Number of protein chains: 2
Amino acid sequence: MSDVAALAGVHKATASRALNPSTSGLVNAATARRVRTAAEQLGFTPNSAARSLRTNRSFTVGVLLPDLTNPLFPPVARGIEEVLNARGYTALLANTDNDEAKERTQFEALRGRQVDGFIIATAQRVHPLLDEAYESGVPIVLVNRCTDKRLFPWVAGDDATGMALAVEHLLGLGHRSIAHVAGPQSMSTGVTRVRAFRHAVETAGIAPERAPVVVSESYTAPAGERATHELLEKHPDTTAICAGNDLIALGALHALKARGLRCPQDISLVGFNDMQFADEFQPPLTTVRVPHLDLGAEAARLLLERLDRYEEKGHPAPMSKTVFLPVRLVVRASTAAPPPHGA
Amino acid sequence: MSDVAALAGVHKATASRALNPSTSGLVNAATARRVRTAAEQLGFTPNSAARSLRTNRSFTVGVLLPDLTNPLFPPVARGIEEVLNARGYTALLANTDNDEAKERTQFEALRGRQVDGFIIATAQRVHPLLDEAYESGVPIVLVNRCTDKRLFPWVAGDDATGMALAVEHLLGLGHRSIAHVAGPQSMSTGVTRVRAFRHAVETAGIAPERAPVVVSESYTAPAGERATHELLEKHPDTTAICAGNDLIALGALHALKARGLRCPQDISLVGFNDMQFADEFQPPLTTVRVPHLDLGAEAARLLLERLDRYEEKGHPAPMSKTVFLPVRLVVRASTAAPPPHGA
DNA sequence: CTGAAAGCGCTAACAA
DNA sequence: TTGTTAGCGCTTTCAG
């Protein structure tokens with residue numbers, strides 16, 4: 001930078017001002033142009049470490065995800081990345097594998113790198129790390145899942161509506177024995193969807209015992225498969241299943257095949273999320289589409305908003321805005337009218 | 001850090017030495033312990049920006065990927081992340097969407113953040129950006145694809161063997177009219193697999209005109225579908241297809257369905273990569289398994305090796321080590337003997 | 001509008 | 001073994 005300043009014939013402070021968009025107004029337009037030209041000639045790239053050291057801002061955001069290898073998360077990561085990059089920020093992704101210790105390690109590592117804030121997709125309903133983080137005042141936005149204590153802004157798909165859509169679709173097809181293979185109840189998505197399921201069947205006048213709920217121990221195909229077997233042991237007259245998410249639905253598909261049941265002829269199945277390749281399953285999955293990219297983008301926007309206020313006015317009282325993004329049902333081939341004898 | 005030093009009753013330089021694993025040997029064990037205790041009490045986290053500024057190392061590596069949303073790349077990203085994290089490094093992922101301008105922007109942004117090196121999965125056979133990068137001397141390791149000029153260390157699956165395995169499998173099933181729907185020839189993987197395909201069929205004594213190659217314009221399902229239609233127009237007697245990768249294979253599956261052809265009864269299909277959910281396609285895909293996680297891990301190891309040498313001896317002559325990881329054929333339901341009339 | 005000067009938090013020579 | 005000192009490259013008062 002000194003070189004740039006020298007070449008432009010100004011002091012390095014002036015060069016700094018000229019090069020920084022937010023302060024370039026303070027400098028003579030002609031001078032500024034001269035500096036920019038010089039910078040270009042010398043191929044100058046500002047040293048972000050020095051800037052961070054001085055300004056105490058890294059223009060970096062930590063993103064905590066369960067697992068990048070789970071097809072749900074790449075789109076949210078991309079959504080985050082896109083809006084962050086546009087504002088000169090960089091996302092630092094970290095996988096926690098739903099492991100509390102690993103999450104803590106990653107969180108600390110990210111803090112050590114002076115991230116300006118976090119976007120967190122790993123919230124559990126009860127989450128000590130997040131409680132502590134709240135006390136410390138780091139800017140945080142939750143995406144997809146949230147904690148029971150509403151401490152942070154939160155962006156999610158409209159799960160309640162989505163589940164209602166799924167149930168109505170099955171109802172419309174003539175199903176009267178609809179079950180829910182739910183996700184883990186330690187996560188907000190798990191309980192929200194159960195609640196919405198119960199409400200929807202109740203509204204339709206279906207007796208609770210005709211609308212059983214079994215819980216899958218994780219949002220994975222193997223766990224979904226086990227839970228589905230359990231369901232069908234106890235409730236063999238089920239004609240339709242709402243899965244907690246698409247991976248659970250995939251497991252359910254495996255369970256049905258294992259039991260010699262055809263989908264959708266014997267049992268209809270609805271997933272949740274519309275993850276990549278849900279349309280390639282056998283049969284292609286009817287599911288609730290959640291706009292994952294937008295989820296990420298919106299979460300990033302919320303964080304930036306918070307960061308901007310942070311910068312201006314010190315530590316303002318954090319407000320816990322909640323944003324629900326609209327979802328819609330995508331009907332494919334895994335749902336049909338119930339078999340005549342099953343209704 | 002001054003606070004930590006004060007609490008431990010030492011100078012901050014001593015505290016620095018005590019806290020840094022590589023220099024803690026220079027300090028009295030008892031003193032070191034005292035310092036560490038003090039640091040813990042105060043919840044001290046070193047400021048990485050200051051360290052970077054001083055040491056000119058960020059312990060950060062830039063990773064250029066085409067698209068995180070493509071199921072091939074999350075596993076390589078995780079492999080990279082795992083070995084990098086274990087050594088105190090952080091990966092900065094950037095998506096280029098196979099767009100040269102975007103790639104350049106991301107590359108510069110990453111350089112601006114003082115990354116210590118790059119792992120690049122976006123290499124084209126002719127790649128001006130990489131030529132320039134080579135001149136500049138930044139440590140770089142290529143993963144999966146490589147440039148024609150062998151400037152950098154490179155980690156990839158053993159494509160030639162993989163393709164040979166695929167062809168042998170089809171040959172063993174009795175196929176004698178095998179086609180290859182190849183990936184883009186602007187990428188090393190595209191040409192390597194074509195070359196291996198030609199060699200394998202030739203070795204088996206199949207006439208070149210019985211083993212046509214059509215090129216898909218990208219590694220995507222829609223492009224693969226178009227290319228497959230083109231193939232089947234020109235060569236309707238084809239009984240088996242080797243796809244350039246699983247996404248192309250997926251497109252081929254769509255094309256077959258559109259033409260009323262059954263897989264594997266009418267046409268057998270082999271993919272490449274064994275990406276996530278390839279086993280859920282309809283039919284489950286026979287494919288060549290490439291160890292993507294290991295690819296990433298090995299690339300990270302190579303880069304760290306280079307970085308270590310870099311630190312010790314300044315800029316050593318970069319050596320372009322090439323590592324091929326073993327692959328194997330995973331036989332599923334998309335391959336079978338050719339139909340009687342088609343052989 | 002521009003220059004001078006200080007300092008962000010850390011590490012690496014050098015001295016003791 | 002520890003303390004002293006200087007300085008990494010930038011931004012930001014404060015003067016001019």
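Going along each chain's sequence as written, the residues are numbered from 1 onward. Labels follow written order: the first chain is A, the first ligand is 1, and so on. Local features in this predicted model are restricted to residues whose pLDDT is 70 or higher, and side-chain atom pairs enter the listing and the counts only when it is 80 or higher, whereas totals over whole chains, interfaces and linings include all residues. Each side-chain value is worked out from all heavy atoms of the structure, with water and hydrogens disregarded.

Caption draft 1: Structural view of the protein's contact with DNA strand D. Note on definitions. A residue lies near a molecule or strand when any single heavy atom of the residue is within 4 Å of it. Inspection of the region around DNA strand D gives 24 residues, with Met1, Lys12 and Arg54 of chain A together with His11 and Thr31 of chain B positioned closest. Taken together, the sugar and phosphate atoms account for 55% of what DNA strand D places within 4 Å of the protein. Counting of polar contacts relies on pairs of N or O atoms within 3.5 Å, with two restrictions inside protein: one atom must be capable of donating a hydrogen and the other of accepting it, and residues adjacent in sequence are counted only when both atoms are side-chain atoms. A distance of 2.5 Å separates a base nitrogen of DNA strand D from a polar side-chain atom of Lys12 of chain A. At 2.7 Å, a backbone N or O of Asn28 of chain B approaches a phosphate oxygen of DNA strand D. Helix and strand assignments follow DSSP, with helices taken as H or I runs no shorter than four residues and strands as E runs no shorter than two, numbered in order from the N terminus. Going through the elements one at a time, α2 (12–19) and α4 (48–55) of chain A together with α2 (12–19) and α4 (48–55) of chain B are the ones with two or more residues in the surface near DNA strand D.

Caption draft 2: Looking closely at the interface of chain A and chain B. Each partner contributes residues to the interface: chain A has 45 residues there, and chain B has 44 residues. Across the interface of chain A and chain B, roughly 3,400 Å² is buried in total on both sides, 50% from carbon and sulfur atoms. Buried area: the accessible surface (1.4 Å probe) lost by two parts on joining, summed over both. When the buried surface of chain A facing chain B is broken down by residue, Arg78, Arg113 and Glu280 of chain A rank first, second and third, together holding 20% of it. By definition here, a salt bridge exists when the distance from a side-chain nitrogen of Lys or Arg to a carboxyl oxygen of Asp or Glu is within 4 Å. Note that Arg78 of chain B and Asp97 of chain A form a salt bridge whose closest N and O atoms lie 2.7 Å from each other. Along the contact surface separating chain A from chain B lie 24 residue pairs in polar contact (both at pLDDT 80 or more). Sorting the residues of the side of chain A that touches chain B by element identifies α4, α5 (73–86), β2 (90–95), α6 (100–112) and α11 (246–258) of chain A as the ones contributing at least two each. Every residue pair with non-hydrogen atoms within 4.5 Å of one another is taken to be in contact.

Caption draft 3: How the structure looks around the relation of the copies chain A and chain B. After a rotation of 180° and a shift along the axis of 0.0 Å, chain A superposes on chain B with an RMSD of 0.1 Å. The superposition of one copy onto the other is thereby described by a two-fold rotation axis. Within chain A, the C-alpha atom positioned nearest to the axis of rotation is that of Ala49 of chain A, 2.4 Å from it. Most of the interface of chain A is mirrored in chain B, where 98% of its interface residues again form contacts. A least-squares superposition brings the copies together, and it is based on the C-alpha atoms of residues with pLDDT no lower than 70 in both.

Caption draft 4: Broad picture of the protein's contact with DNA strand C. Around DNA strand C sit 24 residues in total, of which Thr31 of chain A together with Met1, Lys12, Ser16 and Arg54 of chain B are the nearest. In the model, a base oxygen of DNA strand C is placed 2.4 Å from a nitrogen or oxygen of the Arg54 of chain B side chain. Of all the secondary-structure elements, those providing two or more residues to the surface near DNA strand C are α2 and α4 of chain A together with α2 and α4 of chain B. Three classes are used, and their members are as follows: Ala, Val, Leu, Ile, Met, Phe, Trp, Tyr, Cys and Pro are nonpolar, Asp, Glu, Lys and Arg are charged, and the others, Gly among them, are polar. A class-by-class count of the residues in the surface near DNA strand C yields 10 nonpolar, eight polar and six charged.

Caption draft 5: Molecular detail of the packing of aromatic side chains. Aromatic contacts are taken between Phe, Tyr and Trp rings whose centres are within 6.5 Å, Trp giving its six-membered ring; a plane angle under 30 degrees counts as stacked, one over 60 as edge-to-face, and the others as tilted. Here the structure, examined in full by the defined rule, presents 11 aromatic pairs over all chains. The interplanar angle of 80° and the centroid separation of 5.7 Å between the aromatic rings of Tyr134 of chain A and Phe152 of chain A together place this pair among those described as edge-to-face. Linking Tyr134 of chain A in helix α7 (residues 128–136) with Phe152 of chain A in the loop between β4 (140–143) and β5 (154–157), this pair joins segments that are 18 residues apart in sequence. For every residue, the accessible area obtained with a 1.4 Å probe (protein chains only) is divided by the maximum for its type, and the residue is called buried under 20%, exposed over 50%, and partly exposed between those limits. Residue classification places Tyr134 of chain A among the partly exposed positions, given a relative accessible area of 31%. On the numbers, 6.4 Å between centres and 35° between planes, the contact of Phe277 of chain A with Phe277 of chain B is tilted. Of the two residues, Phe277 of chain A is situated in the loop between β9 (268–273) and β10 (286–289) and Phe277 of chain B in the loop between β9 (268–273) and β10 (286–289); the pairing between them involves two chains. Residue Phe277 of chain A is classed as buried on the basis of its relative accessible area of 8%.

Caption draft 6: How the structure looks around empty space enclosed by the protein. Whether a set of points on the 1 Å grid over the protein atoms alone is a cavity depends on a 1.4 Å probe fitting there but being unable to get out, while an open set qualifies as a pocket with protein on both sides within 12 Å along at least five of seven lines; lining residues are those with an atom within 4 Å of a point. Grid points are joined across faces, edges and corners, and a volume is the space filled by probe spheres set on the points. Using the criterion set out here, one finds six cavities of 30 Å³ or more in the structure. Counted as a void, the largest cavity has a volume near 260 Å³. Around the largest cavity sit 16 residues that line it, and Ser48, Thr60 and Arg113 of chain A together with Thr60 and Arg113 of chain B are the ones nearest its centre. Among the secondary structure elements, those contributing two or more residues to the lining of the largest cavity are α4 of chain A together with α4 of chain B. Grouping the amino acids of the lining of the largest cavity by side-chain chemistry returns four nonpolar, 10 polar and two charged.

Caption draft 7: How the structure looks around the pairing of strand β5 (residues 154–157) of chain B. Residue and element names in this part refer to chain B. Here β5 shows a buried face lined by Trp154 and Ala156 and a second buried face lined by Val155 and Gly157. Here, strands pair whenever DSSP counts at least two bridges between them. In this sheet, β5 lies alongside strand β4 (residues 140–143) in parallel orientation, the contact comprising two bridges. By the bridge assignment, Leu142 is partnered in β5 with Trp154. Of the strand pairs in this sheet, β5 and strand β11 (residues 322–325) are connected by four bridges, and their pairing is parallel. Within β11, the position partnered with Ala156 by the bridge is Phe324.

Caption draft 8: Geometry of the nonpolar core. In terms of nonpolar packing, the biggest core is built from 150 residues, with Ile119, Val167 and Leu269 of chain A together with Ile119 and Leu269 of chain B touching the most fellow members. For Leu269 of chain A, the contacting residues outside a window of four places in its chain are Ile241, Ala243, Ala249, Ala252, Leu253, Cys263, Leu285, Thr286, Ser334 and Thr335 of chain A. We define a nonpolar core as any set of buried Ala, Val, Leu, Ile, Met, Phe, Trp, Tyr and Cys residues linked to one another through side-chain atoms lying within 4.5 Å. If you look at the next biggest cluster of nonpolar residues, it comprises 40 residues, including Ala94 and Leu130 of chain A together with Phe152 and Trp154 of chain B.

Caption draft 9: Molecular detail of the packing of α2 of chain A against helix α3 (residues 29–41) of chain A. All names here are of chain A. Here the axes come from fitting lines to C-alpha atoms, over the contacting stretch only for helices, and the angles between their N-to-C directions go from 0 to 180 degrees. Close contact between α2 and α3 brings their axes to 9 Å; oriented N to C, the two are set at 90°. In terms of their interaxial angle, α2 and α3 are classed as roughly perpendicular. Of the residues in α3, those touching α2 at Thr14, Ala15, Ala18 and Leu19 are Thr31, Ala32, Val35, Arg36 and Ala39. Residue composition of the contact of α2 with α3, by class: six nonpolar, two polar and one charged. Angle categories: roughly parallel below 35 degrees, roughly antiparallel above 145, roughly perpendicular from 65 to 115, and oblique for all the rest.

Caption draft 10: Fine view of the sheet that holds strand β7 (residues 213–215) of chain B. Residues and elements named next belong to chain B. Strands sit in the order β7-β6-β8-β9-β10-β12 across an open sheet of six strands; the sheet is mixed. Among the strands making up the open sheet, the edge pair consists of β7 and β12 (328–330). Going from strand to strand, the sheet's axes swing by 20° on average, the running direction of each strand aside. With four bridges connecting them, strand β6 (residues 178–182) and strand β8 (residues 240–243) associate as parallel partners.

Caption draft 11: Spotlight on the domain arrangement of chain A. By convention here, the domain bounds are inherited from an automatic or database domain assignment. With domains assigned, chain A is organised as domain 1 (2–46), domain 2 (58–152 + 292–325) and domain 3 (159–290). Computed from C-alpha atoms alone, the centre-to-centre distance between domain 1 of chain A and domain 2 of chain A is 35 Å.

Caption draft 12: Focus on α2 of chain B. All names here are of chain B. By the burial criterion, the buried members of α2 are Thr14, Ala15 and Ala18. Projected down its long axis, α2 shows its buried positions confined to an angular sector of 100°, all on one face. On its buried face, α2 is in contact with α1 (2–8) and α3 (29–42). The directions considered for the arc run from the helix axis to the C-beta atoms.

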